[in-house]
Amino acid sequence: MDHYNNLIKTNILFGDNEENSVGRQIKYQGGSRVLLYYSKTSSKISNLIDKVKRSLKNSGLEVVEHLFNDSDLINCISDGIKLCTNEHVDYVLIVGGAKLFSSGKIIAAASAHSKNLFELFKLDSDVEISLPVGIISTTICGGLALDNIVSLQRKLDDNTSVYHECRSDIFYPEFVIYSSQLCQYDNVSLEYSLVRIFSIMTERFFSNNKAQLLSENTVLVMLKTVLASYEKVKEKSNDAQGLSNLIFASINAHINPMFNITIDSATRTLSNAVVSVFSIPLEHAFSLVIPSWFTFMRTKNSAKLASYGRGIFDLPSDLDDYEVAKLTIERVKKFFADLSLPVMWSEIGANASDIDRILFKAGFPEINSIGTFEKLSKLDCEVLLSFAI
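Residues numbered from 1 in each chain as written. Predicted model: local features only at pLDDT ≥ 70, side-chain atom pairs only at ≥ 80, totals over all residues. Heavy atoms only, no water.

## Concerning the overall build of the protein
Okay, so step 1: Counting its regular elements, the protein contains 13 helices and eight strands.
Okay, so step 2: In terms of overall size, the protein behaves like a compact globule, its C-alpha atoms giving a radius of gyration of 21 Å where 389 residues would be expected to give roughly 21 Å.
Okay, so step 3: The dimensions of the protein, computed from C-alpha atoms along their principal axes, are 65 × 45 × 45 Å.
Okay, so step 4: For the protein, the residues scored as buried account for 53% of the 389 residues in total.
Okay, so step 5: Considering only contacts within the protein whose residues lie at least 6 apart along the sequence, 74% involve residues at least 24 apart.
Okay, so step 6: A total accessible area of about 17400 Å² is found for the protein, and carbon and sulfur atoms account for 48% of it.
Okay, so step 7: In the protein, the 38 positive side-chain charges and the 45 negative ones have mean positions that sit 3 Å from each other. (Helix = DSSP H or I, 4+ residues; strand = E, 2+ residues; numbered from the N terminus. Rg over C-alpha atoms; globule rule 2.2 N^0.38 Å. Buried < 20%, exposed > 50% of the residue type's maximum accessible area, 1.4 Å probe, protein only. Contact = heavy atoms within 4.5 Å. Areas by Shrake-Rupley, 256 points an atom, 1.4 Å probe, with all protein chains shown as cover. Lys, Arg positive; Asp, Glu negative; His and termini not counted. Charge placed at Lys NZ, Arg CZ, Asp CG, Glu CD.)

## Quick look at helix H3 (residues 73-86)
Because an α-helix completes one turn every 3.6 residues, residues spaced three or four positions apart along the sequence face the same direction.
Okay, so step 1: In a regular helix each residue adds 1.5 Å, so 14 residues correspond to 20 Å; H3 covers 20 Å between its end C-alpha atoms and thus fits that length.
Okay, so step 2: At its buried positions, H3 is contacted by strand E2 (33-38), strand E3 (62-67), strand E4 (91-96), helix H4 (98-113) and strand E6 (149-155).
Okay, so step 3: Just downstream of H3 lies His 88, where phi reads positive at about 55°. (Expected span 1.5 Å × (residues − 1).)

## Topic: the packing of helix H8 (residues 266-278) against helix H12 (residues 355-362)
Okay, so step 1: Their axes nearest at 8 Å, the elements H8 and H12 cross at an angle of 120°. Along this stretch, H8 crosses H12, giving a crossing that reads as right-handed. On the side of H8, the interface is formed by Thr 269, Leu 270, Ala 273, Val 274, Ser 276, Val 277 and Phe 278, while H12 contributes Arg 357, Ile 358, Lys 361 and Ala 362.
Okay, so step 2: Looking at the contact of H8 with H12, its residues break down into seven nonpolar, two polar and two charged. (Axes fitted to C-alpha atoms, helices over the stretch in contact; angles between N-to-C directions. Left-handed = near helix turned anticlockwise from the far one by under 90°. Nonpolar A, V, L, I, M, F, W, Y, C, P; charged D, E, K, R; others polar.)

## Some points on the sheet that holds strand E8 (residues 175-178)
Okay, so step 1: If you walk across this open sheet you meet the six strands as E1-E8-E5-E4-E2-E3, and the pairing is parallel. Both edges of this open sheet fall to strand E1 (11-14) and E3, since each of them pairs with a single strand only. Averaged over all pairs of adjacent strands, the angle between strand axes in this sheet comes to 20°, irrespective of strand direction.
Okay, so step 2: Note that E4 and strand E5 (residues 133-137) share five bridges and pair parallel. Across the sheet, the residue bridging to Ile 94 is Ile 135, located in E5.
Okay, so step 3: Contacts from helix H2 (residues 45-58) reach E2, E3, E4 and E5 within the one sheet, and its direction differs from that of E2 by about 175°.
Okay, so step 4: Relative to the sheet, H3 contacts E2, E3 and E4, its axis offset from that of E3 by approximately 165°. (Pairing = 2+ DSSP bridges.)

## Considerations on the nonpolar core
Okay, so step 1: One finds Trp 293, Phe 294, Tyr 308, Phe 336 and Trp 345 to be the most contacted residues of the largest nonpolar core, which totals 106 residues.
Okay, so step 2: Ranked by residues supplied to this core, first place goes to helix H9 (residues 282-300) with ten residues.
Okay, so step 3: Ignoring sequence-local partners within four residues, the contact set of Phe 336 consists of Val 195, Phe 198, Phe 286, Ser 287, Ile 290, Pro 291, Leu 341 and Val 343.
Okay, so step 4: Membership of the second largest hydrophobic core comes to 20 residues, among which are Val 34, Tyr 38, Ile 49 and Ile 177. (Core = buried A, V, L, I, M, F, W, Y, C linked by side-chain atoms within 4.5 Å.)

## Observations regarding the packing of aromatic side chains
To describe a pair of aromatic rings, you give the distance between the ring centres and the angle between the ring planes.
Okay, so step 1: By the definition in use, this model includes 16 aromatic pairs.
Okay, so step 2: Between Trp 293 and Phe 373 the ring centres are 6.4 Å apart and the planes differ by 50°, which places this aromatic pair in the tilted class. In this pair, Trp 293 is assigned in helix H9 and Phe 373 in the loop between H12 and helix H13 (378-386), connecting sequence segments 80 residues apart.
Okay, so step 3: Exposure remark for Trp 293: the relative accessible area of 2% places this residue in the buried category.
Okay, so step 4: These aromatic residues form a ring-pair network of at least three members: Phe 205, Phe 206, Trp 293, Phe 294, Tyr 308 and Phe 373.
Okay, so step 5: Here Arg 154 stacks its cationic end above the ring of Phe 118, 4.9 Å away from the centre of that ring. (Phe/Tyr/Trp six-rings, centres within 6.5 Å; stacked < 30°, edge-to-face > 60°. Lys NZ or Arg CZ within 6 Å of the ring centre and 35° of its normal.)

## Comments concerning the packing of H12 against H13
Okay, so step 1: Relative to each other, H12 and H13 sit at 130°, their axes nearing to 10 Å. Considered as vectors, H12 and H13 are oriented oblique to each other. Between H12 and H13 lies a crossing of right-handed hand. Contact residues: H12 offers Ile 355, Ile 358 and Leu 359, while H13 offers Lys 378, Cys 381, Glu 382, Leu 385 and Ser 386.
Okay, so step 2: Grouping the constituent residues of the contact of H12 with H13 by class yields five nonpolar, one polar and two charged. (Parallel < 35°, antiparallel > 145°, perpendicular 65-115°, else oblique.)

Written as structure tokens, this is what we have:
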């Protein structure tokens, strides 16, 4: 086996009312002036913010508040950087869900570098320092908080957008606080959060991992648990066990050492490209791209696809792999359709003529291929995307 070295850089705190100790956490790490970055899109969030501010002030910390603004995110981030500089902030505390994780980390890094935020995303950018970041996660897909990747989409004049991404160890937060109780403050739908967890676990399954058999079996068990937990939470929104299972599945997907750090990114690359062209939610792009990728992979590796279907959907073991792979694709399409997500291009007003625009946003022809599990050329991607017509 290849050499392996793993260090979990983030302190993970799980449990009800852990947010009450956030002030002590930050003071212990040397913080004194804290940028409190949060969103007011949830009507319930004020109660949580009051608790957090009380904890910070009781620990003798000064608080500078900054509100997340999804409709004008670029200016929101720029304003956050200015606040950190002008107010001499030395710690950033993010309170919220997935949309705040990246933007808050960008504010922290750009402030420490005294850089324009887009300079972080240049190929020759040397991102080595950041203000320390702590996170109180209010989402079931909070594993995203543990990533060392930040991303940002910028709207262009032609109404499409460009996707920026930067990877650096400085984006690991100092701590993340999780609990099933905190999920009540999330304004993102349960279905969208479910799709985020489903997509990352699917990417993990179709990656070339070191401990292949163990990682595959782990993903299948986790995905079955995720789907069962979703049903429990859908029936009872405050089901603590169901919410905790979903949170831990998301965390596991991002930090489990058996998973290769380089996952197969083909579906994510194409999904980001779809979002860039049509300005639709990422979850809608996943529901279009993943079944199409499965359909393409049926002829390439039907055994792997069949193993996925048997493990998650209990598909028959007495049928051959090629037939089970077909049933798997049908079940995955139904999974997305049942969540009221599109599975055909016509459902978002798109058609075959839009495929070239998607491929351009995915990086072709500047790049030759995408993906690691199965390298996909531009022609492969064109065929793949056509399956949703």
